[in-house]
Amino acid sequence: MPEGYGGIKMNYREKYKQHYGIDFGLEYEVHHLDLNHQNDDIENLLLLPRKLHHQYHFALARLPMANGRLDVDVKIRGILDGGQAMNAYILSALSDFVDVYYKCQDWKDYRAYLDGLIPDIHGIQLGGAA
Ligand SMILES: [Zn+2]
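My aim in this report is to walk through the structure given alongside it, one point at a time.

Okay, the overall build of the protein chain next. Along the protein chain, the regular secondary structure elements total 4 helices and 4 strands. When its helices and strands are written in sequence order, the protein chain yields α-β-β-α-β-β-α-α.

Look at Leu-35: it is not a glycine, yet its phi comes out positive at around 65°. Residue placement: Leu-35 occurs in the loop between strand S1 (28-32) and strand S2 (45-49). Residue Asn-67 is not a glycine yet carries a positive backbone phi of 55°. The topology assignment puts Asn-67 in the loop between strand S3 (65-66) and strand S4 (69-70). Residue classification places Asn-67 among the exposed residues on the basis of 5 C-beta atoms within 10 Å.

Looking now at the nonpolar core. In globular proteins that are soluble, nonpolar side chains generally tend to be buried together. In terms of nonpolar packing, the biggest core is built from 10 residues, these being Tyr-12, Tyr-16, Tyr-28, Val-30, Leu-45, Leu-47, Leu-48, Tyr-56, Val-100 and Cys-104. Among the secondary structure elements, those contributing two or more residues to this core are helix H1 (12-20), S1, S2 and helix H4 (84-114). Sort the elements by how many residues they give to this core and S2 lands first, with 3 residues. Not counting chain neighbours up to four residues away, the residues in contact with Cys-104 comprise Leu-48, Leu-52 and Tyr-56.

The residue Ala-93 is located in helix H4 in this model. Owing to 17 C-beta atoms within 10 Å, Ala-93 belongs among the partly exposed residues under this scheme. The spacing of Ala-93 and Phe-58 is 35 residues in sequence and 9.8 Å in space, taken between C-alpha atoms. Ignoring any residue separated from it by four or fewer positions in sequence, one finds Ala-93 in contact with Arg-62 and Leu-63.

Once that is clear, we can look at the environment of Tyr-28. Structurally, Tyr-28 can be placed in strand S1. As for Tyr-28 and Arg-50, which are separated by 22 residues in sequence, their C-alpha atoms are 4.6 Å apart. Beyond its immediate sequence surroundings of up to four residues, Tyr-28 is in contact with Leu-47, Leu-48, Pro-49 and Arg-50.

Parameters at a glance
Residues numbered from 1 in each chain as written. Predicted model: local features only at pLDDT ≥ 70, side-chain atom pairs only at ≥ 80, totals over all residues. Helix = DSSP H or I, 4+ residues; strand = E, 2+ residues; numbered from the N terminus. Buried ≥ 20, exposed ≤ 12 C-beta atoms within 10 Å, placed from the backbone. Core = buried A, V, L, I, M, F, W, Y, C linked by C-beta atoms within 7 Å. Contact = placed C-beta atoms within 7 Å.

By themselves these figures say nothing about function.
What follows is the structure, given as structure tokens:
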């Protein structure tokens, strides 16, 4: 779920700002890539627009998971077995997740740009930090 504000623990948001020398407001959130909020290693953090961050967690929560992995029967057989409804749900959830995942990739690229690894290929400008 989205990281909250005002936690006792300091503040991976500030850590991210300081590490990258950037500033951003509450319209951005810092996501834990491994989903472990105890892991504030800079490599585990990724700045995302707040709305996209929430979309990611919402899309993730819809996926059928087992032990932290996708649990999908990819056989078309399910259609013949009358499994259309479940297949439609899973396909919809997967499609939504893929859309959000690609949007998040732009922000991973932005982090790689800030790390000096790639050029600024998306032209991301952090706005409204005031
Ligand atoms: Zn997150």
